[in-house]
Amino acid sequence: MTNQYQVTWELYRSWAVENIWKGRNLFLAIVWSALALVCVLLGIAYAVNSYGIMFPSVYFLFAVLCTYHAFFRVIVAAKAKYRKLGKLYGTENWTREIIFKEDGIRLVEGNIVIQIAYKDIVNLRDKANKVWIDLANKTVIRMYKDTFVDGDWESCKRRICEKMSK
């Protein structure tokens, strides 16, 4: 069974946006947003009390920086990583191929091939058209139910569960 899809900037960006609202990134987004709000409120308070324009401007500048860190930093970092991967693979968009063999999973991305044993899978998650295969080393294989070249998700899921239990 083979799952194959094209990795584009739009797809890669959607992965980054998904991760903003999870775990440590969610906590940091909340902290940075709270700091931005405090900076805006302090800036308004100083502007209303006529301390001049320079002092409130510093607070508004900090608010902009906090907003950047809360929401846009992850996207900017993802764009940089996407460009590096594109250079590594020699193309702007590349194909990710996940081949389910008898002895394990073979992940082919650009010119890189990774072998994964079924025993390294710790969890399977699926929602709508997306599938996440969680591995013991805390990495995740993403794939989509409608991108199977041969076979389908249900038969693939049965094979994975069968191989995991052995």
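The present account deals with the structure reproduced in this document. (Residues numbered from 1 in each chain as written. Predicted model: local features only at pLDDT ≥ 70, side-chain atom pairs only at ≥ 80, totals over all residues. Heavy atoms only, no water.)

**What about the environment of G86?**
Tracing the backbone shows G86 in helix 3 (residues 54–89). Residues G86 and L42, 44 residues apart in the sequence, show an inter-C-alpha distance of 43 Å. Apart from residues no more than four positions distant in its own chain, G86 is found in contact with T91 and W94. (Helix = DSSP H or I, 4+ residues; strand = E, 2+ residues; numbered from the N terminus. Contact = heavy atoms within 4.5 Å.)

**Notes on the sheet that holds strand 6 (residues 130–135)**
Reading across the sheet, the three strands line up as 5-6-7 and stay open at both edges, with antiparallel pairing between neighbours. The sheet terminates laterally at strand 5 (121–127) and strand 7 (140–144), the two strands that pair on one side only. The mean inter-strand angle of the sheet, taken between neighbouring strand axes irrespective of direction, is 15°. Taken together, the six bridges between strand 5 and strand 6 define a ladder with antiparallel strand orientation. Bridging from a neighbouring strand, R125 pairs with W132 of strand 6. Here helix 1 (residues 9–20) sits on the sheet and contacts strand 6 and strand 7; the angle it forms with strand 7, its principal contact strand, is near 125°. Packing against the sheet, helix 4 (residues 153–164) makes contact with strand 5, strand 6 and strand 7, and its axis sits at approximately 160° to strand 5. (Pairing = 2+ DSSP bridges. Axes fitted to C-alpha atoms, helices over the stretch in contact; angles between N-to-C directions.)

**Some points on unusual backbone geometry**
Positioned with a positive phi, A128 is a non-glycine residue whose angle comes to about 55°. When its relative accessible area of 68% is taken as the criterion, A128 is described as exposed. Of note, K138 is a non-glycine position whose phi angle comes to about 70°, a positive value. In this fold, K138 is placed in the loop between strand 6 and strand 7. (Buried < 20%, exposed > 50% of the residue type's maximum accessible area, 1.4 Å probe, protein only.)

**Observations concerning the side chain of K163**
Within the element layout of this structure, K163 appears in helix 4. We classify K163 as buried; its relative accessible area is 15%. Not counting chain neighbours up to four residues away, the residues in contact with K163 comprise E102 and Y118.

**Looking at a nonpolar patch on the surface**
Nonpolar side chains collect at one region of the surface, where L37, L41, I44, V48 and F60 lie side by side and expose about 470 Å² of accessible area between them. The element best represented in the nonpolar patch is helix 2 (residues 23–48), accounting for four residues. (Patch = residues over 30% accessible without salt bridge, like charges linked within 9 Å, V, L, I, M, F, W, Y side chains within 5 Å. Areas by Shrake-Rupley, 256 points an atom, 1.4 Å probe, with all protein chains shown as cover. Salt bridge = Lys/Arg side-chain N within 4 Å of Asp/Glu carboxyl O.)

**Details of the sheet that holds strand 8 (residues 148–150)**
A sheet is described by the order of its strands in space; here five strands give the open sequence 4-3-2-1-8, paired in antiparallel fashion. With partners counted over all chains shown, the strands left at the sheet margins are strand 4 (112–116) and strand 8, one partner each. Neighbour-to-neighbour, the strand axes of the sheet open up by a mean angle of 20°, direction not taken into account. For strand 2 (residues 94–100) and strand 3 (residues 105–109), the ladder comprises five bridges, and the chain directions are antiparallel. Along strand 3, the bridge assignment pairs I98 with L107. Along the sheet, helix 1 makes contact with strand 1 (2–7) and strand 2, crossing strand 1 at roughly 95°.

Scope: geometric values only; no functional claims are made or implied.
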